[in-house]
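Spelled out from the first residue to the last, the chains are:
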Amino acid sequence: MNLSRLYELQLRELELKVVDGKINKLESDDLLYRLKQEYSDLKNQYLLLKESISEEKKQGENKKKNIRQLEENKSNYEKLKYSAEINNAKKLKMIEKQIVDVENNIKSEIKKIDALTNKIKKTNIEMIDVKKKLAFIKNKFEKTKNERTDELERLAKEKIEIKKLTEEIKKSIDENSLSEYTKQKRWFNDPISLIVSRKCTGCSVGIPSIDYEAVRDGDVLKCESCGRFLLYKKKSD
Ligand SMILES: [Zn+2]
């Protein structure tokens, strides 16, 4: 069995697994979806604020119209006050009361307009804030999307490279070794285990001296503890 070549194959296959894992993680990450959602929520918020401003402006216009009407009423009352029609104290008192009432109504409408103006100012500030957030999210979305596309492209290339190497290695290994390796792959991701410091790197259990010597001399043995093939790598390898 050509354990050394099989070990190379195993390394490439493990690399491929890591790359596949990264691709899956990127593809299943829902950050883009969440950003999209956040953007659409903010957009709705923006539209609502815009709507409320236009509603408030409309209300303001109506109040102004009311005031114009009230001013007109007031001036009519004033004209009436000095007309021949007001010919006794009772009528005068009545007309004066009407003038005071209309003045109070005007004041109250002006107050309401001021309140509306303040409200519009506040809403405008809020809109600017939401607009900033929208720009930020849009930017982040584009950046994330581009980064992700680049990363996926890079990973796809890496995958092709590794697969090519894998195929080349496979060609250089005899069929029996390959089929034995494939069989072991059912149990382990890494059926071939390096011996480092006289231990199996697969399970970290020490190798008995006799096995260690045998593997070092080129025998094919499995780890007594985990069952992986043991590979001794000379320093020069
Ligand atoms: Zn082991």
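## Considerations on the overall build of the protein chain
The secondary structure content of the protein chain amounts to five helices and three strands. Reading the secondary structure of the protein chain in the N-to-C direction produces α-α-α-α-β-β-α-β. Computed over the C-alpha atoms, the radius of gyration of the protein chain is 43 Å, more than 25% above the 18 Å expected from 2.2 N^0.38 for a compact globule of 237 residues. Here the C-alpha coordinates of the protein chain stretch approximately 135 × 35 × 30 Å along the principal axes. Sorting the 237 residues of the protein chain into buried and exposed places 11% on the buried side. Nonlocal contacts in the protein chain, meaning residues at least 24 apart in sequence, comprise 73% of its contacts between residues at least 6 apart.

## Some words on the sheet that holds strand E2 (residues 199-200)
One open sheet holds the three strands; their spatial order is E2-E1-E3, and the pairing between them is mixed. Every other strand in the sheet has two partners, leaving E2 and strand E3 (229-231) as the edge strands with one partner each. The pairing of strand E1 (residues 192-196) with E3 spans three bridges and is classified as parallel. When the bridges of E3 are listed, Ile192 appears paired with Phe229.

## Digging into the domain arrangement of the protein chain
By domain assignment, the protein chain separates into domain 1 (3-171) and domain 2 (187-231). Placing the centre of domain 1 and that of domain 2 at their C-alpha centroids yields a distance of 64 Å. Between domain 1 and domain 2, the contact holds six residues from the first and seven residues from the second. The residue inventory of the side of domain 1 that touches domain 2, partitioned by class, reads four nonpolar, two polar and no charged.

## Observations regarding helix H1 (residues 3-28)
With 26 residues, H1 ought to run about 38 Å at 1.5 Å a step, and its terminal C-alpha atoms sit 37 Å apart, in line with that. Inspection of H1 places Leu3, Leu6, Tyr7, Leu9, Gln10 and Arg12 among the buried residues, and these make up the whole buried set. In this structure, the buried residues of H1 make contact with helix H3 (89-171), helix H4 (175-184), E1 and E3.

## Things to note about the packing of helix H2 (residues 31-81) against H3
Two numbers describe how H2 lies on H3: the axes approach to 7 Å, and their chain directions differ by 165°. Between H2 and H3, the angle is such that the two are roughly antiparallel. Between H2 and H3 lies a crossing of left-handed hand. Taken together, the residues of the contact of H2 with H3 break down into 25 nonpolar, 11 polar and 22 charged.

## Overview of the nonpolar core
Membership of the largest hydrophobic core comes to 15 residues, with the highest contact counts inside it found for Leu3, Leu6, Ile192, Ile195, Leu230 and Leu231. Among the secondary structure elements, those contributing two or more residues to this core are H1, E1 and E3. For this core, the element with the most residues is H1, which contributes four residues. A domain-level breakdown of this core finds at least three residues from each of domain 1 (3-171) and domain 2 (187-231). When sequence neighbours within four positions are dropped, the list of residues in contact with Leu231 reads Leu3, Ser4, Tyr7, Ile192, Ser193, Leu194 and Ile195.

## Side note on the packing of H1 against H3
The geometry of H1 relative to H3 is characterised by a closest axis approach of 9 Å and an angle of 160° between their N-to-C directions. Of the possible angle classes, the one that applies to H1 and H3 is roughly antiparallel. Read as a crossing pair, H1 and H3 show a hand that is left-handed. Side by side, H1 and H3 meet where Arg5, Glu8, Leu9, Arg12, Glu13, Glu15, Leu16, Val19, Lys22, Ile23 and Leu26 of the first sit next to Arg148, Glu151, Leu152, Leu155, Glu158, Lys159, Ile162, Lys163, Leu165, Thr166, Ile169 and Lys170 of the second. By residue class, the composition of the contact of H1 with H3 is 10 nonpolar, one polar and 12 charged.

## Observations concerning the environment of Lys63
Secondary-structure assignment places Lys63 in helix H2. In sequence terms Lys63 and Thr117 are 54 residues apart; their C-alpha atoms lie 12 Å from each other.

What counts as what
- Residues numbered from 1 in each chain as written.
- Predicted model: local features only at pLDDT ≥ 70, side-chain atom pairs only at ≥ 80, totals over all residues.
- Helix = DSSP H or I, 4+ residues; strand = E, 2+ residues; numbered from the N terminus.
- Rg over C-alpha atoms; globule rule 2.2 N^0.38 Å.
- Buried ≥ 20, exposed ≤ 12 C-beta atoms within 10 Å, placed from the backbone.
- Contact = placed C-beta atoms within 7 Å.
- Pairing = 2+ DSSP bridges.
- Domains from an automatic or database assignment.
- Nonpolar A, V, L, I, M, F, W, Y, C, P; charged D, E, K, R; others polar.
- Expected span 1.5 Å × (residues − 1).
- Axes fitted to C-alpha atoms, helices over the stretch in contact; angles between N-to-C directions.
- Parallel < 35°, antiparallel > 145°, perpendicular 65-115°, else oblique.
- Left-handed = near helix turned anticlockwise from the far one by under 90°.
- Core = buried A, V, L, I, M, F, W, Y, C linked by C-beta atoms within 7 Å.

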